[in-house]
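Inside the fold
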There are 2 protein chains.
Amino acid sequence: MPIRLAPEFQYIHQYFKRLAGAGALDLADDAALLSIDPNYELVITADAMIEGVHFFPNDPTDLIARKLLRCNLSDLAGMGADPVGYLLTVSLPATCFNASWFEKFTDGLLQDQRFYNFSLLGGDTTKNPSHMVFSVTMTGKVIKNMALRRNNAKAGDGIWVTGTIGDSALGLLALQNKIVDKSGFLTRRYHLPQPRLGLNLNNIASAGMDISDGFIQDLGHLTRESHVGAVIYTHRIPLSNAAKALGPSYLETCLTGGDDYELLLTISPEREHAALMNSKKANITLTKIGYCTDQNQSIAFYDEQNNLVSFNKTGWSHI
Amino acid sequence: MPIRLAPEFQYIHQYFKRLAGAGALDLADDAALLSIDPNYELVITADAMIEGVHFFPNDPTDLIARKLLRCNLSDLAGMGADPVGYLLTVSLPATCFNASWFEKFTDGLLQDQRFYNFSLLGGDTTKNPSHMVFSVTMTGKVIKNMALRRNNAKAGDGIWVTGTIGDSALGLLALQNKIVDKSGFLTRRYHLPQPRLGLNLNNIASAGMDISDGFIQDLGHLTRESHVGAVIYTHRIPLSNAAKALGPSYLETCLTGGDDYELLLTISPEREHAALMNSKKANITLTKIGYCTDQNQSIAFYDEQNNLVSFNKTGWSHI
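This structure is a prediction, so every number in the text was calculated from the model and none was measured.

Some details on unusual backbone geometry
All names here are of chain B. The phi dihedral of Asn145 is positive, around 65°, even though this residue is not glycine. By secondary structure assignment, the location of Asn145 is in the loop between β5 (133–143) and β6 (158–162). Backbone geometry at His227 places phi at a positive 55°, although glycine is not the residue there. Within the secondary structure, His227 sits in the loop between α6 (215–226) and β8 (229–233). Residue classification places His227 among the exposed positions, given a relative accessible area of 55%.

Below is the structure:
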């Protein structure tokens, strides 16, 4: 669908046109066209981001744009897919309708399009009576029958995560002036997630998903879909130096806050070596933090002294 | 992507789950999977609908849902494609979070999914601080290289439209109490567009698109993309009896108001017969209202007495 604009807003078109790629038909037709190699499946996911819920009006405009893409790229990474292109609906208050806003916003989109190698397929721009609302539909591709799913973890598989957990939740606290983030590392992690594309574990992991609603809640999703339980060693959960520096009282925030965009994976013991080789190749840290049990949906956390740990909150929700 | 909900809103899940079809993976994974027959291309389009801009909070909830789908289906129809599935992001004020609202909304979606034969692939539900915002990404399929485009109309081709033009714009006036719509026909046309799927003109029309921003503005898009001009006979433009009854002073509203969701097609003279045969088969009226000229982007309107007609407004815009 073309991005439809009143004559006085035609200037906006140039900003979106430079984002359009193959299949977008120059954003001039009713829809985009995609051909998929018959050896691949199309992977498709949609996410909305609302001002005041998922981001704040004072966040830098280019980072709002890049986070919007990266949250959706993370969903592709969760299924082991590579990005193809995206559709974007942008709904803005009147104050955003100026060349400067659109330039910053589309500069951010373009930067990450180039970095991750995909392009704009289409979209829609509308005025919104009050605040910014964005919706991205991201498409990707994965070799047929090779998508990582949530429902195939087996008892005995190791439980692994990429990167470090909880930085983004702490970054949000820093932006709310509830903690101090001297180096800016945590805030940066909140503003600019790193979707873990290219890890190439489709043949290696038994199950996978991205962590976006808080580690504990997402682990709950995976164990429920796979009909397994989990034992997690809290001291093995990878935390950044900035998170560690805040002390153990922030562990619960790290494990229940949203917006990690790391991957949660299960890997059978005999595939661990292959997984670690691929993680090295992709330069993405992979840490084993526990294992799956046959205790359907029972999740137990243990600390270094092998004492049970319990948490009050379980996760962050989009509602 | 799964529809993520806090535990107290898990009841919503059941309403969306009954809408999910093949490829949606029960709305349990990070994304949906689609396989496309290698003889087809995937057609993909996105549209946002904002409360107070595209619909009103008092519109019946099931009709809001059905119009949301139908506007996007109309984009598929504009390219001669058939629906496959859709992703939906729903952003709602707190007042809508109750079983009754979700039941009505998803009842509407289900009704049209069944009628047009497609299903939900995924989506996202979030709270919105103030008002309802929906975004639909609709996917369809079309035989490779057979999609109707806007850029292939030739001088000499006839200009055709489906159905009747302007009813929806008049329906909006009726809802605003600016005109009287005794039979409710015009209001119905506003609330529930008829996407012109199944006309099967891919091999017959030279260009096509759906009319959503007002006939004159959309004709402008088609002539610009095709580098042609147009002569239109205003008395040949098909109007409903309800529209005719309002008299000639409403013609401009009919031709510039948005939300028609009829098709605008160009057809070479030697293909007219085939087009009319297919229109009869599909039970969709097709009316010839003018022809394309080689006067690039010049559009001229003539009345029954062959006098030039001019209009003040040119169309409705999403901004």
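Remarks on the side chain of Thr139 of chain B
Relative to the helices and strands, Thr139 of chain B resides in strand β5. Residues within four places of Thr139 of chain B in sequence aside, it is in contact with Ile44 of chain A together with Leu34, Leu42, Val43, Ile44, Leu76, Pro83, Val84, Gly85 and Leu121 of chain B.

With respect to the packing of aromatic side chains
For the structure shown, the criterion picks out 22 aromatic pairs over all chains. The interplanar angle of 90° and the centroid separation of 5.1 Å between the aromatic rings of Phe301 of chain A and Phe311 of chain A together place this pair among those described as edge-to-face. Of this pair, Phe301 of chain A sits in strand β11 (residues 299–302) while Phe311 of chain A sits in the segment after β12 (308–309), and the two are 10 residues apart along the sequence. As far as the burial class goes, Phe301 of chain A and Phe311 of chain A line up, both buried. Ring geometry for Phe55 of chain B against Phe134 of chain B: centres 5.6 Å apart, planes inclined by 35°, an arrangement best described as tilted. Taken together, the residues span a long stretch of sequence, with Phe55 of chain B in the loop between β2 (40–50) and α2 (61–78) and Phe134 of chain B in strand β5 at a distance of 79 residues. Grouped by ring-pair contacts, the aromatic residues Phe16, Phe55, Phe97, Trp101, Phe102, Phe105 and Phe134 of chain A constitute a single cluster. Over the aromatic face of Phe97 of chain A sits the side chain of Lys127 of chain A, whose NZ or CZ is 5.7 Å from the ring centroid. Above the face of the Tyr190 of chain B ring, Lys67 of chain B is positioned so that its terminal group lies 3.7 Å from the ring centre.

Remarks on helix α3 (residues 99–116) of chain A
Residue and element names in this part refer to chain A. Here α3 is 18 residues long and its end C-alpha atoms lie 26 Å apart, about the 26 Å a rise of 1.5 Å per residue gives. Buried residues of α3: Trp101, Phe102, Phe105, Thr106, Gly108, Leu109, Leu110, Asp112, Gln113 and Tyr116, and no others. As for α3, its buried residues are in contact with α1 (11–17), α2 (61–78), β3 (82–92), β4 (119–127) and β5 (133–143).

A closer look at the UniProt feature "binding site: ATP" (unreviewed entry) in chain A
When the UniProt feature table is mapped onto this chain numbering, "binding site: ATP" (unreviewed entry) sits at Gly123, Asp124, Arg150 and Ser212 of chain A. For this annotated set, covering 90 residues, the C-alpha atoms extend up to 32.1 Å from each other, a dispersed arrangement in space. Summarising the element assignment, Gly123 of chain A is placed in strand β4. Among the residues examined, Gly123 of chain A registers a relative accessible area of 0% and is labelled buried. Mapping Arg150 of chain A onto the fold places it in the loop between β5 and β6 (158–162). Judged by relative accessible area, Arg150 of chain A falls into the buried class, the value being 4%. In terms of polar contacts, Arg150 of chain A uses its side chain to reach the backbone carbonyl oxygen of Ala28 of chain B, at 3.0 Å.

Points about the environment of Pro60 of chain B
Inspection of the secondary structure puts Pro60 of chain B in the loop between β2 and α2. Residues Pro60 of chain B and Tyr40 of chain B lie 20 residues apart in sequence; the distance between their C-alpha atoms is 37 Å.

Observations concerning the relation of the copies chain A and chain B
Relative to chain B, chain A is turned by 180° and slid 0.0 Å along the rotation axis, the superposed coordinates differing by an RMSD of 0.0 Å. Here the two chains are linked by the operation of a two-fold rotation axis. For chain A, the minimum C-alpha distance to the rotation axis belongs to Pro38 of chain A and amounts to 2.8 Å. Most of the interface of chain A is mirrored in chain B: 100% of its interface residues are interface residues there too.

Remarks on the interface of chain A and chain B
Chain A puts 65 residues into the contact, and the matching count from chain B is 65 residues. Between chain A and chain B, roughly 5,400 Å² of surface is buried when both sides are summed, and carbon and sulfur atoms account for 57% of that area. In this structure, the connection of chain A to chain B is made through four salt bridges. Between Asp30 of chain B and Arg150 of chain A there is a salt bridge whose closest N-O contact spans 2.8 Å.

Some remarks on the sheet that holds strand β9 (residues 262–267) of chain B
Residues and elements named next belong to chain B. Judged by pairing direction, the sheet is mixed, and its seven strands sit side by side in the order β7-β9-β6-β10-β8-β11-β12 without closing on themselves. This sheet does not close on itself; its edge strands, each paired only once, are β7 (207–211) and β12 (308–309). Where β6 lies against β9, four bridges are found, and the strand directions are antiparallel. What sits directly across from Gly158, in β9, is Ile267. The strands touched by helix α9 (residues 272–282) within the sheet are β6, β9 and β10 (286–293), with β10 carrying the most contacts at an inclination of about 150°.

Overview of the packing of α2 of chain B against helix α3 (residues 99–116) of chain B
Residues and elements named next belong to chain B. For the pair α2 and α3, interaxial distance at closest approach is 7 Å and the crossing angle is 35°. The handedness of the crossing between α2 and α3 comes out as right-handed. Only Trp101, Lys104, Phe105, Gly108, Leu109, Gln111, Asp112 and Tyr116 of α3 make contact with α2, whose side of the interface consists of Thr61, Asp62, Ala65, Arg66, Leu68, Leu69, Arg70 and Leu73. Across the contact of α2 with α3, the residue classes tally to eight nonpolar, three polar and five charged.

Each value, and the rule that gives it
Residues numbered from 1 in each chain as written. Chains lettered and ligands numbered in written order. Predicted model: local features only at pLDDT ≥ 70, side-chain atom pairs only at ≥ 80, totals over all residues. Heavy atoms only, no water. Helix = DSSP H or I, 4+ residues; strand = E, 2+ residues; numbered from the N terminus. Buried < 20%, exposed > 50% of the residue type's maximum accessible area, 1.4 Å probe, protein only. Contact = heavy atoms within 4.5 Å. Phe/Tyr/Trp six-rings, centres within 6.5 Å; stacked < 30°, edge-to-face > 60°. Lys NZ or Arg CZ within 6 Å of the ring centre and 35° of its normal. Expected span 1.5 Å × (residues − 1). UniProt positions renumbered as here; feature names shortened; annotations may be inferred. Polar contact = N/O pair within 3.5 Å; in protein donor to acceptor, adjacent residues only side chain to side chain. Least-squares fit on C-alpha atoms with pLDDT ≥ 70 in both. Buried area = accessible area lost by both parts, 1.4 Å probe. Salt bridge = Lys/Arg side-chain N within 4 Å of Asp/Glu carboxyl O. Pairing = 2+ DSSP bridges. Axes fitted to C-alpha atoms, helices over the stretch in contact; angles between N-to-C directions. Left-handed = near helix turned anticlockwise from the far one by under 90°. Nonpolar A, V, L, I, M, F, W, Y, C, P; charged D, E, K, R; others polar.

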